[in-house]
Amino acid sequence: MKQLFAVRILVTGFLAAAALYLPFSRAHAAVGDLEGSKETPLLKRYQGAVITAYAEKEFDDYDLPLSGVEAGKLKKSQHLEGKVTRVTYKAPANRSSLEIFRNYEAELKEMKFEILFRASGVDLDGFEVVYKDSSGPVLYGGSKPCLLVAKLTRPGGDVYISLYVAGCSAAYANDTISEGQPFVQLETVEVKPMEAKMETAPAK
């Protein structure tokens, strides 16, 4: 009888712990997000935003934009290697891209990110050309664009963020996002060495 009581207590405790854990295990997903997607734990999302596209690679290269575009190329960039994550959010239609951008900007400053580059409007003409062949979802272009590039230095490896906010262009408008509706293209690069994956096959 005592053993049965002890088992009941153990099971009850396990279920209670599981109930407490579940809300946190889903902390990076929201209703309406693209299936299988998740937001980066490095930065919050804008309230009411929904993930519409997502791509993640444990190790890849990335050209960090540090200037405008000239003759179809970035005038200045920094080549990075590490974990690359791209998340595209559809933001609430009744908010402006500038308001959303300012919210992210304030959040990055509060987190002690160093601002490396900032641009908006006509200074970003041509970005949709530069990035049209990039791997993963890219929505550069659109109305009233704003771009911010930032860096966070940390012991485990530096983190770089490229944040692009604009109104959806007619070319990307569809049933889920209307023309002019704000979207957020958030790209993060966590600098780290490549994992050694070469091995010798075991003898038969």
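Conventions and cut-offs
Residues numbered from 1 in each chain as written. Predicted model: local features only at pLDDT ≥ 70, side-chain atom pairs only at ≥ 80, totals over all residues. Heavy atoms only, no water. Helix = DSSP H or I, 4+ residues; strand = E, 2+ residues; numbered from the N terminus. Buried < 20%, exposed > 50% of the residue type's maximum accessible area, 1.4 Å probe, protein only. Polar contact = N/O pair within 3.5 Å; in protein donor to acceptor, adjacent residues only side chain to side chain. Pairing = 2+ DSSP bridges. Axes fitted to C-alpha atoms, helices over the stretch in contact; angles between N-to-C directions. Contact = heavy atoms within 4.5 Å. Salt bridge = Lys/Arg side-chain N within 4 Å of Asp/Glu carboxyl O. Expected span 1.5 Å × (residues − 1).

Undergrad: Just checking my understanding: could you explain the environment of Leu 80 for this structure?
TA: Relative to the elements of secondary structure, Leu 80 occurs in strand S4 (residues 77-90). Measuring from C-alpha to C-alpha, the distance between Leu 80 and Tyr 62 comes to 5.1 Å, with 18 residues separating the pair along the chain.

Undergrad: Mind showing me how you'd approach the side chain of Thr 40 here?
TA: Position of Thr 40 among the secondary structure elements: in the loop between helix H1 (2-25) and strand S1 (50-65). On the basis of relative accessible area, Thr 40 is assigned to the buried category, the value being 7%. A distance of 3.1 Å separates the side chain of Thr 40 from the backbone nitrogen of Leu 42, its partner in a polar contact.

Undergrad: Is there a simple way to think about the sheet that holds strand S8 (residues 182-191) in this case?
TA: The strands that make up a sheet pair up through hydrogen bonds in the backbone, lying either parallel or antiparallel. Taken together, six strands build an open sheet; the order of strands is S1-S4-S8-S7-S6-S5 and the sheet is antiparallel. Where the open sheet ends on each side, the last strands, each with one partner, are S1 and strand S5 (114-120). Sheet twist, expressed as the average angle between the axes of neighbouring strands with direction ignored, equals 15°. Contacting S4, S5, strand S6 (143-152), strand S7 (159-167) and S8, helix H2 (residues 97-110) crosses the sheet at an angle of about 10° to S6.

Undergrad: Is there a simple way to explain the pattern of salt bridges in this structure?
TA: This structure, assessed with the given rule, holds 14 salt bridges. Notably, a salt bridge pairs Glu 58 with Lys 192, separated by 2.9 Å at the nearest N-O pair. Of the two residues, Glu 58 sits in strand S1 while Lys 192 sits in the segment after S8, which places them 134 residues apart along the sequence. The class of Glu 58 is partly exposed, set by a relative accessible area of 42%. The salt bridge involving Arg 95 is made with Glu 99; its shortest N-O contact spans 3.2 Å. A relative accessible area of 30% means that Glu 99 is categorised as partly exposed.

Undergrad: Hey, could you run me through H2 in this one?
TA: For an α-helix the count is 3.6 residues per turn, leaving residues at separations of three or four pointing the same way. Compared with the 20 Å implied by 1.5 Å per residue over 14 residues, the 20 Å span of H2 between its first and last C-alpha is a close match. Within two residues after H2, Lys 112 carries a phi angle of roughly 70°, on the positive side.

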